[in-house]
Every structure is written in structure tokens, then in C-alpha cells.
Amino acid sequence: MSATAPPPPLSADRQALVEAVLAATRRVVGARDGMVALHEPEFAGREREYVQDCLDSGWVSSIGAYVERFERALADYTGAAHVAATVNGTAALHLCLKLAGVQPGDEVLTPALCFVATANAVSHCGATPHLVDSEFTSLGVDAVALDVHLRDIAERRGDVCVNRRTGATIRALVVMHSFGHPADLDALADLAARWGLVLVEDAAESLGSFYKGRHTGRHGRLAALSFNGNKVITTGGGGAVLTDDPELGRRARHLSTTARVPDRWNFVHDEVAWNYRMPNLNAALGCAQMEVLPRYVDEKRALAARYREAVAAVPGLRFVDEPPGTRSNFWLVAVLLPTADASMRDALLERLNAEGLMSRPVWRLMQHLPMYANAPRAPLPVAESIEARLINLPSSPKLGRGA
Ligand SMILES: *Cc1c(COP(=O)(O)O)cnc(C)c1O
């Protein structure tokens, strides 16, 4: 179909479904002026006070009290022993992969259904993302399907996993907690241990989400958080590395601060490294946002409960709920359409957005982007189905307030 051809008309059934989803979303969101954002940042706490204090102190860059205070707040909230705040989530992922021992020429198992930053972080290590499928419950990596795939193409040689087809070492497995819903971490940790893979969690979307009572990002050797403007809390731009390993924690800080060796005044650096440390100004914002995080999560969960009920009344539509044994932050509310049909999905997106309700499709799968078109991969039927059927609906904390 050419880009200018009009979309085919929807059947009466599908048109009715579009109207039902619109009505359900309206009912949940309530009467609002203007466009209802997908996820809007909010600065109603002590953000101004802390940022002003930071400006007054003159310590606006990577050295300052707020950076350490923010890291402590994250450590207290998540339970992680060591936290290194970074300039963004992609930088945090890059550091995680470096610290996981990913070498140029390695492969790293990453979900096809993911934001592009994860595969990019692998590429920045000179390694190749090896795309794997998701499961329908959590939308995260399917441990069973991955085990089948690895038995097909890989073998364990001593401590490491080798791709028999490419000869490359498969060094690590990155799992991601989609829209805040924890992936099946016990099964994935077990699989990683059996295959000799370092487990890294991309917890960019899951601050405030717990798997069996333990915060996401605390089930692998290393994890990355993001505080981009659209995330649960924001520092403008920002990220963090979480780990329980003291040596990896020390290395994360060292590599994020140009590997500078403490010295009175000499510029001594002991390896090639990065300028990835979070500036104090951003951390000041983060300290204020951490104070309201528990309330945001409560509000987002209340909003999700209203969507759950509204979606249940729409035949064929599935509300993507928190998997059993988990407590999700419901970062973005997601629904799955009954039919894997892009014309249906796009008609719905058109209608919702035209009505001032911002909604979006899921990310385009990695193998559908030009730079990853030839990436090694497992069969990806579930990711393909989700790509065609999933949309995200307005999810800001304020929508769950009061009402
Ligand atoms: C937001 C996000 C990132 C990257 O974070 P940035 O701070 O934007 O670099 C990585 N992975 C996932 C899954 C994300 O949603």
C-alpha cells in the first residue's frame, strides 16, 4: 500500500470496538481540558527548593551533595547495596554491559520488543544484540522459548555460552520490565545460571515495581534505571546503575567519572572511561521526586484499577495486568486488541488522539529497524503479535488522583 492510499474502511464490528475503547478511556480519564498526555511529569513537591539550593551552592555539575543524596534515596527505596547515578538510562545500560564483561564481538540476548536504547547499549560495547521473544503475561522475555532457542543454536563451553552458528560468545541476557510489569525473573535467573549468562535488568520503566516482594533491578547482577521526562519520576535526563556487588558498584562510579584516580590536583586516569555521572542539578530534582514516588505509584495503581474495570466491559479487549506474584508501578497502561491487524490498531490510535486522548503503539520491533534488520534472532511470534495489537493509554499519576 502506498503512503497516500486511504486506510481500508473498518468492518462494523471493528468500528464498534474503536468506539467502545474510546468510551472506556473517556470514562476512566474523566472530563479534562486539552490534550491528555500519555505520561506527564509533575513538579509539585520540593523540586524548586532543591534546584534553587543547588544553584545557590554553585555545585551544578557532577560533584555535589545531591548526587550522593539521590543515590542513597534510590538505595533505600530499592534495597540495592550500591547505586551510581548517570546522565541517562542508556548510559547506565552501557555501563552495566561493560561491567557484565561484554566484549567486542560478543552477542547479548535482548528482547525484540523493547525500546531501542537496550539494543543500542549492546552495540556501543561493540557487541551484537541477539533478539529474543516475549511472553503474553508480562510482555517480558519468555524463559521457556529462550531455553528452546538456546538448545537449538548454542552450547555451553566451560563457563560460557557459545553460539554454534556464529562462533560468538553469548555473554549476557538483558531482560526488561515492560511498562513496569516485572518479567518472570525466577525462571530467567535460573535460565541465565544454567547457560552461563550474566543477567542484566533493564529496569528503566520499573522503578516502584516488585517481583515477589523484591524490587525489580535486584534479581540480576546489575540493573539500569532511567529518569527521562516520561518515566515514573524524572530528573530531566538521568539514569542509575544498581548492583549488590561492592566491586561492581565501585567500578560503575569510576567508569562514569572518566576513571579519575583521587589525587589532590593531578589529572590521573587509569583507563578509557566515560563522562556519564549525573549532574548535581538533575540529582536535586531527583531528590524531590523520590519524596513523591510512593504516592505516584499508589495513584498509578488506582488509575490502573479503573482501567482494568473499564476494559473488562469491552469484549475482546485485554488489559495488560500485573503478573501473579508481582506488584507493578503500571508505568504505562497497555491494552491488547483481539486481532493482530495494524489497520484496526491505527484506526483506534487515530480516533483516540483526535479526541485528545494521547495513545501510542508499542515500539517497533528491533528487527524492523534498519540497523538491526540482520541481527541474529530467535523466532519472534509473540513479539510480532504484540507489536500489531498493543496500545498504551494515558497514564499520568494525576489521572489516578481523587476521583
Ligand atoms: C527509557 C528507557 C531506556 C533509556 O533511558 P534513557 O534515560 O532515555 O536513556 C532504556 N530502556 C527502556 C526499556 C526504556 O524505557
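**Q** I keep staring at the pattern of salt bridges and nothing clicks. Help me out?
**A** Taken as a whole and judged by the stated rule, the model has 26 salt bridges. As a salt-bridge pair, Arg327 and Asp298 come within 3.9 Å of each other at their nearest N and O atoms. Of this pair, Arg327 sits in strand 13 (residues 326-327) while Asp298 sits in helix 9 (residues 280-312), and the two are 29 residues apart along the sequence. For Asp298, a relative accessible area of 47% puts it in the partly exposed group.

**Q** Teacher, can you tell me more about the site of the ligand here?
**A** Within the structure, the ligand sits among 15 residues, and Gly89, Thr90, Glu205, Ser226 and Lys231 are positioned closest to it. The contact in question runs from an oxygen atom of the ligand to an N or O atom on the backbone of Gly89, over 2.7 Å. One of the side-chain N or O atoms of Thr90 is found 2.5 Å from an oxygen atom in the ligand. Only helix 4 (89-99) and helix 5 (116-124) provide two or more residues apiece to the shell around the ligand.

**Q** Where do I start with the domain arrangement of the protein in this structure?
**A** Think of interface size as the accessible area that goes away when the parts come together; that is how it is often given. Domain parsing of the protein yields domain 1 (12-41 + 292-400) and domain 2 (47-289). For domain 1 and domain 2, the distance between their C-alpha centroids amounts to 25 Å. If you look at the interface, domain 1 gives 45 residues, while domain 2 gives 45 residues. Here domain 1 meets domain 2 over a buried area of about 3,800 Å², counting both sides, of which 68% is carbon and sulfur. The three residues of domain 1 that bury the most area against domain 2 are Leu293, Trp331 and Trp363, which together make up 19% of that side's buried surface. Run the count over domain 1 and domain 2 and you get 22 residue pairs in polar contact (both at pLDDT 80 or more). Mapped by element, the contributors of at least two residues to the side of domain 1 that touches domain 2 are helix 9, strand 13, helix 11 (381-389) and strand 16 (390-393). The class makeup of the residues in the side of domain 1 that touches domain 2 is 30 nonpolar, eight polar and seven charged.

**Q** I tried to follow empty space enclosed by the protein on my own but got confused; where do I start?
**A** All told, the structure shown has one cavity of 30 Å³ or more when counted by the stated rule. Every residue along the wall of the largest cavity is listed here: His39, Glu40, Pro41, Glu42, Lys231, Val232, Ile233, Thr234, Gln289, Tyr296 and Pro397. Grouping the constituent residues of the lining of the largest cavity by class yields five nonpolar, three polar and three charged. Here the lining of the largest cavity spans two domains, since at least three of its residues come from each of domain 1 (12-41 + 292-400) and domain 2 (47-289).

**Q** Help me understand helix 5 in this model?
**A** Because each turn of an α-helix spans 3.6 residues, side chains separated by three or four positions in sequence point in the same direction. When we look at burial in helix 5, the residues that qualify are Ala117, Thr118, Ala119, Ala121 and Val122. Tucked into the core, helix 5 has its buried residues touching helix 4, strand 2 (107-111), strand 3 (128-132), strand 6 (169-176) and strand 7 (198-202). Phi turns positive, to about 80°, at Gly126, one or two residues after helix 5.

**Q** Can you walk me through the sheet that holds strand 9 (residues 214-215) in this structure?
**A** Pairing is antiparallel across the open sheet formed by three strands, whose spatial order is 9-8-13. Taken across any chain shown, the strands that pair with only one partner, and hence form the sheet edges, are strand 9 and strand 13. Relative to strand 9, strand 8 (residues 210-211) runs antiparallel, the two being bridged by two bridges. Paired with Tyr211 across the strands is Arg214, a residue of strand 9.

**Q** Would you mind showing me how to read the side chain of His219 here?
**A** Assignment of secondary structure puts His219 in the loop between strand 9 and strand 10 (222-226). Look at His219 and you get buried, because its relative accessible area is 19%. At 3.3 Å, the side chain of His219 forms a polar contact with the backbone oxygen of Arg214. A polar contact of 3.4 Å, which involves the side chain of His219, links it to the backbone oxygen of His215. Once residues lying within four places of it in the same chain are set aside, the contact partners of His219 are Leu185, Leu199, Glu201, Tyr211 and Arg214.

**Q** Help me out: how do you make sense of the packing of aromatic side chains in this one?
**A** Two aromatic rings, taken as a pair, are described by how far apart their centres are and by the angle between their planes. This structure, assessed with the given rule, holds seven aromatic pairs. Between Phe179 and Trp363 the ring centres are 5.1 Å apart and the planes differ by 15°, which places this aromatic pair in the stacked class. With a gap of 184 residues between them, Phe179 in the loop between strand 6 and helix 7 (185-195) and Trp363 in the loop between strand 15 (360-361) and helix 11 connect regions that are remote in the sequence. Each member of the pair, Phe179 together with Trp363, is buried. With 6.0 Å between their ring centres and 20° between their planes, Phe319 and Phe330 make a pair best called stacked. Placement of the pair is Phe319 in strand 12 (residues 318-319) and Phe330 in the loop between strand 13 and strand 14 (333-336), with a sequence separation of 11 residues. For Phe319, a relative accessible area of 9% translates into the label buried. The class for Phe330 is buried, based on a relative accessible area of 2%. One aromatic cluster is present, built from ring pairs that chain together Phe179, Trp331 and Trp363.

**Q** Honestly, the packing of helix 2 (residues 47-57) against helix 9 in this entry has me stumped. Any pointers?
**A** Any two packed helices are characterised by the angle at which their axes cross and by the distance between the axes. Two elements in contact, helix 2 and helix 9, have axes separated by 8 Å at closest approach and are oriented at 155°. On the basis of the axis angle, helix 2 is roughly antiparallel to helix 9. As for the relative orientation of helix 2 and helix 9, their crossing is right-handed in sense. Residues Glu47, Tyr50, Val51, Cys54 and Leu55 of helix 2 lie in contact with helix 9, whose contacting residues are Asn280, Leu281, Ala284, Leu285, Cys287, Ala288, Gln289 and Glu291. Grouping the constituent residues of the contact of helix 2 with helix 9 by class yields nine nonpolar, two polar and two charged.

Criteria and thresholds
- Residues numbered from 1 in each chain as written.
- Predicted model: local features only at pLDDT ≥ 70, side-chain atom pairs only at ≥ 80, totals over all residues.
- Heavy atoms only, no water.
- Salt bridge = Lys/Arg side-chain N within 4 Å of Asp/Glu carboxyl O.
- Helix = DSSP H or I, 4+ residues; strand = E, 2+ residues; numbered from the N terminus.
- Buried < 20%, exposed > 50% of the residue type's maximum accessible area, 1.4 Å probe, protein only.
- Near = heavy atom within 4 Å.
- Polar contact = N/O pair within 3.5 Å; in protein donor to acceptor, adjacent residues only side chain to side chain.
- Domains from an automatic or database assignment.
- Contact = heavy atoms within 4.5 Å.
- Buried area = accessible area lost by both parts, 1.4 Å probe.
- Nonpolar A, V, L, I, M, F, W, Y, C, P; charged D, E, K, R; others polar.
- 1 Å grid on protein atoms, 1.4 Å probe; cavity = no way out; pocket = protein on both sides within 12 Å on 5 of 7 lines; lining within 4 Å.
- Points joined across faces, edges and corners; volume = space filled by probe spheres on them.
- Pairing = 2+ DSSP bridges.
- Phe/Tyr/Trp six-rings, centres within 6.5 Å; stacked < 30°, edge-to-face > 60°.
- Axes fitted to C-alpha atoms, helices over the stretch in contact; angles between N-to-C directions.
- Parallel < 35°, antiparallel > 145°, perpendicular 65-115°, else oblique.
- Left-handed = near helix turned anticlockwise from the far one by under 90°.

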